[in-house]
Amino acid sequence: MNLESMRNKDELLEMLWRLHEFYELTVPALQQHDPTGVYKGYLREFASNGILRLEGEAIILTPEGMEKARGLVRRHRLAERLIVDVLGKSPEETETSACEFEHILAPELVEAICTLLGHPRFCPHGIPIPEGACCLEAKKSVESAVIPLTQLAKGQEARIVFLNTHETSRLQKLLHIGLVPGATLCVQQHYPALVIQVDNSQIALEQSIGEEIRVIPLGNGATTSPLHS
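Quantities reported herein were computed from a predicted structural model and do not represent experimental measurements.

**Some points on the overall build of the chain**
If you tally the helices and strands in the chain, you get nine helices and eight strands. Here the C-alpha atoms of the chain give a radius of gyration of 22 Å, more than 25% beyond the 17 Å that 2.2 N^0.38 yields for 229 residues. Seen through its C-alpha atoms, the chain measures out along the principal axes to roughly 70 × 35 × 30 Å. Considering only contacts within the chain whose residues lie at least 6 apart along the sequence, 65% involve residues at least 24 apart. Working note: accessible area of the chain is about 12,300 Å², and carbon and sulfur atoms make up 52% of it. Within the chain, one finds 21 positive and 30 negative side-chain charges whose respective centroids are separated by 3 Å.

**Side note on the packing of helix H4 (residues 63–85) against helix H6 (residues 107–116)**
Where H4 meets H6, the axes come as close as 10 Å, and the angle between the chain directions of the two elements is 45°. The pairing of H4 with H6 is recorded here as oblique in orientation. The crossing of H4 and H6 is left-handed. Contacts from Arg74, Arg75, Leu78 and Leu82 in H4 reach Val110, Glu111, Ile113, Cys114 and Leu116 in H6. Here the residues of the contact of H4 with H6 sort into six nonpolar, no polar and three charged.

**Quick word on helix H8 (residues 168–176)**
Three or more residues of H8 are buried, namely Arg170, Leu171, Leu174 and Leu175. Around the axis of H8, the buried residues are gathered within 130° of arc, so they sit on the same side. Seen from the buried face of H8, the exposed residues on the opposite side, beyond 90 degrees, are Ser169, Lys173 and His176. Elements that come into contact with the buried residues of H8 comprise H4, H6, strand E4 (157–163), helix H9 (207–212) and strand E8 (213–217). Residue glycine 178 follows H8 closely and has a positive phi angle near 95°.

**A closer look at the packing of H4 against helix H5 (residues 95–104)**
It is at 8 Å that the axes of H4 and H5 come closest, and there the two elements cross at 135°. Regarding the angle of H4 to H5, the classification is oblique. Taken as a pair, H4 and H5 cross one another with a handedness that is right-handed. Residues Leu72, Arg75, His76, Ala79, Glu80 and Ile83 of H4 form the contact with H5, whose own contacting residues are Glu95, Ser97, Ala98, Cys99, Phe101 and Glu102. Considered class by class, the residues forming the contact of H4 with H5 number six nonpolar, two polar and four charged.

**Focus: the pattern of salt bridges**
Applying the stated rule across the entire model yields eight salt bridges. Note that glutamate 45 and lysine 9 form a salt bridge whose closest N and O atoms lie 2.4 Å from each other. Highlighted residues: glutamate 45 in helix H3 (residues 43–48) and lysine 9 in helix H1 (residues 3–22), separated in sequence by 36 residues. On the basis of relative accessible area, lysine 9 is assigned to the buried category, the value being 11%. When the shortest N-O distance is used, the salt bridge between arginine 74 and glutamate 111 registers 3.3 Å. Residue arginine 74 is located in helix H4, and its partner glutamate 111 is located in helix H6; the two are separated by 37 residues in the primary sequence. Residue arginine 74 is classed as buried on the basis of its relative accessible area, which comes to 6%.

**Digging into the sheet that holds strand E6 (residues 194–198)**
Pairing within the open sheet is antiparallel, and its six strands lie in the order E3-E8-E4-E5-E6-E7. Every other strand in the sheet has two partners, leaving strand E3 (147–148) and strand E7 (201–205) as the edge strands with one partner each. Strand direction decides the pairing type here: E6 and E7, joined by five bridges, are antiparallel. Across the sheet, residue leucine 194 finds its bridge partner in E7, namely leucine 205.

Thresholds, definitions, all that
Residues numbered from 1 in each chain as written. Predicted model: local features only at pLDDT ≥ 70, side-chain atom pairs only at ≥ 80, totals over all residues. Heavy atoms only, no water. Helix = DSSP H or I, 4+ residues; strand = E, 2+ residues; numbered from the N terminus. Rg over C-alpha atoms; globule rule 2.2 N^0.38 Å. Contact = heavy atoms within 4.5 Å. Areas by Shrake-Rupley, 256 points an atom, 1.4 Å probe, with all protein chains shown as cover. Lys, Arg positive; Asp, Glu negative; His and termini not counted. Charge placed at Lys NZ, Arg CZ, Asp CG, Glu CD. Axes fitted to C-alpha atoms, helices over the stretch in contact; angles between N-to-C directions. Parallel < 35°, antiparallel > 145°, perpendicular 65-115°, else oblique. Left-handed = near helix turned anticlockwise from the far one by under 90°. Nonpolar A, V, L, I, M, F, W, Y, C, P; charged D, E, K, R; others polar. Buried < 20%, exposed > 50% of the residue type's maximum accessible area, 1.4 Å probe, protein only. Arc of directions from axis to C-beta. Salt bridge = Lys/Arg side-chain N within 4 Å of Asp/Glu carboxyl O. Pairing = 2+ DSSP bridges.

Written out as structure tokens, the structure is:
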């Protein structure tokens with residue numbers, strides 16, 4: 001299979017997912033959004049490969065086709081968030097690069113990027129990002145063990161799980177100083193400023209920023225309110 005053919009098939013799957021999300025999954029709707037007919041030519045091949053079924057004018061994605069389309073869209077929208085949140089580009093500058101990312105990102109990298117970004121629910125254009133296994137696992141963790149950094153006791157160690165901030169500039173600053181998912185830290189004091197130890201550096205943070213850093217405590221130390229630390 002040549003590269004152009006592979007990418008055209010991926011583009012068709014994305015288009016079918018968007019029709020499923022926002023319009024209707026039919027041949028006329030596809031023709032409306034693919035006036036050149038480039039992608040329509042792959043429909044019958046998809047039907048013979050078990051990606052979809054054609055029932056009259058209706059296009060029905062099989063579970064396999066739905067999962068493939070969902071994965072492509074997830075990679076594209078996560079790439080958009082990565083480009084905007086971490087690289088500082090505007091949403092209008094994401095399309096070309098995100099289209100490249102979606103074809104080449106390995107599954108383990110997709111999960112790592114999603115975790116790095118704090119399992120975002122929406123792309124920079126406000127469209128939902130399909131959830132992955134890491135998102136579901138994070139939800140379970142949040143319910144069971146993940147707490148804001150500010151709830152650690154003085155002297156307690158923890159590992160950062162995700163950064164729960166919607167401010168791009170703040171996210172970039174935290175990543176720049178090494179506060180990334182997976183990093184370990186230790187609380188040195190809560191007042192007059194929240195001070196943490198990361199590797200050989202001590203970092204002072206505003207309490208509001210500490211609330212946005214979600215961690216899993218390490219060891220058996222109990223968590224406590226900073227008012228009692």
